Amino acid sequence: MSGLAHILDRAAIHVFMDLGLIVACLALLESQKARLRPMLPNLPARLMAACLLIGVLVSGREAYDLYHGQAYAKVWTDYASHIVGIAGGWIASTWLIKKTWRER
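Since the model is a prediction, treat every value here as computed from it, not as a measurement.

> Explain helix α1 (residues 2-31) to me, and be specific about the residues and the numbers.
With 30 residues, α1 ought to run about 44 Å at 1.5 Å a step, and its terminal C-alpha atoms sit 43 Å apart, in line with that. For α1, every residue scored as buried is listed here: His14, Val15, Asp18, Ile22, Cys25, Leu26 and Leu29.

> So what's going on with the confidence of the model for the protein chain? Residues and values would help.
With 97% of its residues at a pLDDT of 70 or more, the protein chain shows a mean pLDDT of 89. By mean pLDDT, helix α4 (residues 72-103) is the weakest element of the protein chain at 86, and helix α3 (residues 43-67) is the strongest at 93.

> Just give me the short version of the environment of Met48, but keep the residues and values in it.
Relative to the elements of secondary structure, Met48 occurs in helix α3. Overall, the relative accessible area of 38% leaves Met48 in the partly exposed class. Taking the C-alpha atoms as reference points, Met48 and Ile22, 26 residues apart in sequence, are found 9.6 Å from one another.

> Explain the packing of aromatic side chains to me, using residue names and the numbers behind them.
Each aromatic ring pair is characterised by the separation of its centres together with the angle its planes make. Tallied over the full model, the rule gives two aromatic pairs. With a centroid separation of 6.1 Å and 80° between ring planes, the pair formed by Tyr72 and Trp76 is classed as edge-to-face. Remark: Trp76 and Tyr72 occur in helix α4; sequence separation between them is four residues, near one turn of the helix. Take Tyr72: its relative accessible area is 55%, and that puts it in the exposed class.

> Which residues make up a nonpolar patch on the surface, and what are the values?
On the surface, a nonpolar cluster with roughly 220 Å² of combined accessible area is contributed by Ile13, Met17 and Leu21. By secondary structure assignment, the location of Leu21 is in helix α1.

Criteria and thresholds
Residues numbered from 1 in each chain as written. Predicted model: local features only at pLDDT ≥ 70, side-chain atom pairs only at ≥ 80, totals over all residues. Heavy atoms only, no water. Helix = DSSP H or I, 4+ residues; strand = E, 2+ residues; numbered from the N terminus. Expected span 1.5 Å × (residues − 1). Buried < 20%, exposed > 50% of the residue type's maximum accessible area, 1.4 Å probe, protein only. pLDDT = per-residue confidence, 0-100. Phe/Tyr/Trp six-rings, centres within 6.5 Å; stacked < 30°, edge-to-face > 60°. Patch = residues over 30% accessible without salt bridge, like charges linked within 9 Å, V, L, I, M, F, W, Y side chains within 5 Å. Areas by Shrake-Rupley, 256 points an atom, 1.4 Å probe, with all protein chains shown as cover. Salt bridge = Lys/Arg side-chain N within 4 Å of Asp/Glu carboxyl O.

In structure tokens, the structure reads:
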């Protein structure tokens, strides 16, 4: 049972870590939007770029863990939790952005 609890604990950490990383990356991209306008012209494009960048970073980190001896099955559960976290970050950010625009 402790193995399952560890997997669930790590999954929760990954999900919420990814949410925070997406918000941080989006804030960084928003602060540079004047420079990024030719490549990322609108907010949804910057949000997608933030999600993709975080996806690449966490994938690289999991590959690094696998290379250094992490169990193969654990890498896949970690990837699954990162997918949930990144998708959740996309959905939550989109929902908050639309909600804010409707309130204006």
